[in-house]
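# Summary of the model geometry
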Amino acid sequence: DDSARAPVDVVVVLDVSASMARKKLALCKKTLELLLRELRPKDRFGLVTFSDEAKIEIPARKLNDANKQAALRTIMSIKSRRGTNLSGGIGMGAKEMHAIEEPNSVRSIFILTDGHVNKGIRDHEGVVELTKGCIGTNADDDTVAPMTVHTFGYGTRHDENLLRDVSQATSGGTYYFVESDSDVSSAFGDALGGVLSVVAQNVVLSISAPPEAKLIMVHHENKTKKEDSSYVVKLGDLYAEERRDVIFEVTLRSDENISEEVQGIPHANATLSYLDTVEGKLVDEDTVTANIARPDNTTISAPNPSVAVQWLRTCATYGMEEADQLSQRGDLKTARAKITLLLQKLRRESAEAGVGSETLIIQLIADLNEVYSGLGNKKAYAIYGCKMTKSKCQTHKYQRCAESNSVASNSYRNSRKVAVCKRMKIDSGNSLP
């Protein structure tokens, strides 16, 4: 229901360097026109372009009819220039977002570039730190609406490491590998569909163990261990229909005298807090206690299907990251061996757990095969494999679709993403087959 969703503020930061001239820029202009069609009067839109310098083309403002028509005219008048000053574009985009006096509850910056930085701040760490400083300043302040960053690497000559890290400067961002011209509109559509379906922000999961049990490991990069050995996991925002699965390991307490009436032994307590963006209120859910049965025999319990699938997802993510690191060092042979062993593990353990036909397992195997295909040689990896691997890894790590292709199957793509992605693809003139 579009009337029930939270209003959004979107600022696009667009590369208009010489390499973006003609067809690329024309497609981006059309995509921005389609993006405006999806936004409503309660939403804000702003546009910053960058070449050797950054320029505010359209100040962030609500899209009444007059402002929308003025924005369309400005978009059509944009020309390409020289240079790629990404840091200038990021800084000005963030400044424009911060200038909004009463921001909407959902705020996002879209950054598209097709090349490498050659103006402004040029080193990787410098650009990432700038992004964190400009955009992530209030990341721990629950009273300020967070900003997410979605980056779009257009073609095969962009710096995928930089764009991925810029997108992760704050929680909830994604990196899109836009391989072909025909995928520009659908990539923006996928990202916009997510932004338009945000239902929760600042989602925090707290996990603790009851007496005599002990948390050993929480498999999530945004975890923090507290003095009492409990963990806090920051999950960022959630789109409608999304889920987050956090795998953790715990030692179980031993109780020899358990009544048959007891349903199980507590081994973890979990609480969840978040901002409901639709209702505009903070929510603190009641603590949930997880129990496990301890039968007085030697029977080995069957694995929980959901846990088995999510553990294999976690293993696949670790494996893809390791293979990518090996590949960046030039050791493609070991990287291919790593993916081969990972595929064998997924097929074997999914069959043993009875989850081999699960949609996510099928996608994981397909994605790992695609990762393997990008590790054939150094040239293939440099042109295609490195970008595709990072996109696939990010997708499974954060359980969020970052798919540029509108017809590609993705277990994490929600219905709003599907609808906006397909609509923008069709309306761009690149019709679905």
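Everything here concerns the structure above.
Below you will find a few notes about this structure. (Residues numbered from 1 in each chain as written. Predicted model: local features only at pLDDT ≥ 70, side-chain atom pairs only at ≥ 80, totals over all residues. Heavy atoms only, no water.)

## Some thoughts on the state of the cysteines
Following the criterion strictly, the structure yields zero disulfides and no others. Free of any disulfide, C28 has its nearest cysteine sulfur in C421, 15 Å distant. Between C401, a free cysteine, and C421, which holds the nearest cysteine sulfur, the sulfur-to-sulfur gap is 7.6 Å. Residue classification places C401 among the buried positions, given a relative accessible area of 0%. (Disulfide = S-S within 2.5 Å. Buried < 20%, exposed > 50% of the residue type's maximum accessible area, 1.4 Å probe, protein only.)

## Some thoughts on the sheet that holds strand β2 (residues 44–50)
Spatial ordering of the open sheet is given by β3-β2-β1-β4-β5-β6, a layout of six strands whose pairing is mixed. Edge strands, defined here as strands with exactly one partner in the open sheet, are β3 (54–62) and β6 (174–178). Averaged over all pairs of adjacent strands, the angle between their axes in this sheet comes to 15 degrees, without regard to strand direction. The sheet strands contacting helix α3 (residues 86–98) are β1 (8–15), β2, β3, β4 (106–113) and β5 (147–154), and the helix crosses β3 at an angle near 25 degrees. (Pairing = 2+ DSSP bridges. Helix = DSSP H or I, 4+ residues; strand = E, 2+ residues; numbered from the N terminus. Axes fitted to C-alpha atoms, helices over the stretch in contact; angles between N-to-C directions. Contact = heavy atoms within 4.5 Å.)

## A word on empty space enclosed by the protein
Enumeration over the complete set of coordinates arrives at two cavities of 30 Å³ or more. Size it by volume and the largest cavity reaches roughly 40 Å³. If you trace the largest cavity, you find it lined by T84, L86, T113, G115, H116, V117, D159, L162 and L163. Of the residues belonging to the lining of the largest cavity, the class tally is four nonpolar, four polar and one charged. (1 Å grid on protein atoms, 1.4 Å probe; cavity = no way out; pocket = protein on both sides within 12 Å on 5 of 7 lines; lining within 4 Å. Points joined across faces, edges and corners; volume = space filled by probe spheres on them. Nonpolar A, V, L, I, M, F, W, Y, C, P; charged D, E, K, R; others polar.)

## Considerations on the pattern of salt bridges
Taken as a whole, this structure holds 29 salt bridges when the rule is applied. Here D237 and R400 are joined by a salt bridge, their closest N and O atoms 2.9 Å apart. Residue D237 is found in strand β10 (residues 231–239), and its partner R400 is found in the loop between α10 (378–398) and α11 (415–427); the two are separated by 163 residues along the sequence. The pair formed by D237 and R400 is uniform in burial state, with each residue classed as buried. (Salt bridge = Lys/Arg side-chain N within 4 Å of Asp/Glu carboxyl O.)

## Focus: α11
In an α-helix there are 3.6 residues to a turn, and that puts residues three or four apart on one side. Taking 1.5 Å per residue, 13 residues should reach 18 Å; α11 reaches 18 Å between its end C-alpha atoms and fits that length. What α11 keeps buried is the set R416, K417, V420, C421, M424 and K425. Projected down its long axis, α11 carries its buried residues within an arc of 150 degrees, all on one side. Tucked into the core, α11 has its buried residues touching α1 (23–38), β6, α6 (184–195) and β10. G429 sits one or two positions beyond α11 and adopts a positive phi of about 95 degrees. (Expected span 1.5 Å × (residues − 1). Arc of directions from axis to C-beta.)

## A look at the nonpolar core
Residues L86, I109, I111, I135, V166 and L368 are the most contacted members of the largest nonpolar core, which totals 52 residues. In terms of residue count, helix α7 (residues 305–328) provides more of this core than any other element does, seven residues in total. For L86, the contacting residues outside a window of four places in its chain are F50, I111, V117, K119, V127, L162 and L163. (Core = buried A, V, L, I, M, F, W, Y, C linked by side-chain atoms within 4.5 Å.)

## Topic: unusual backbone geometry
In this structure, R22 takes a positive phi of about 60 degrees despite not being glycine. Positive phi outside glycine occurs at Q399, with the angle close to 50 degrees. Looking at where Q399 falls in the secondary structure, it is placed in the loop between α10 and α11.

## Side note on the environment of N410
Residue placement: N410 occurs in the loop between α10 and α11. N410 gets classed as buried once you look at its relative accessible area, which sits at 12%. A C-alpha to C-alpha distance of 34 Å links N410 and M92, two positions 318 residues apart in sequence. Residues contacting N410, with those up to four places away along its chain left out, are Q363, T395, C401 and E403. Polar side-chain contacts of N410 include one of 2.9 Å to the backbone nitrogen of Y412. (Polar contact = N/O pair within 3.5 Å; in protein donor to acceptor, adjacent residues only side chain to side chain.)

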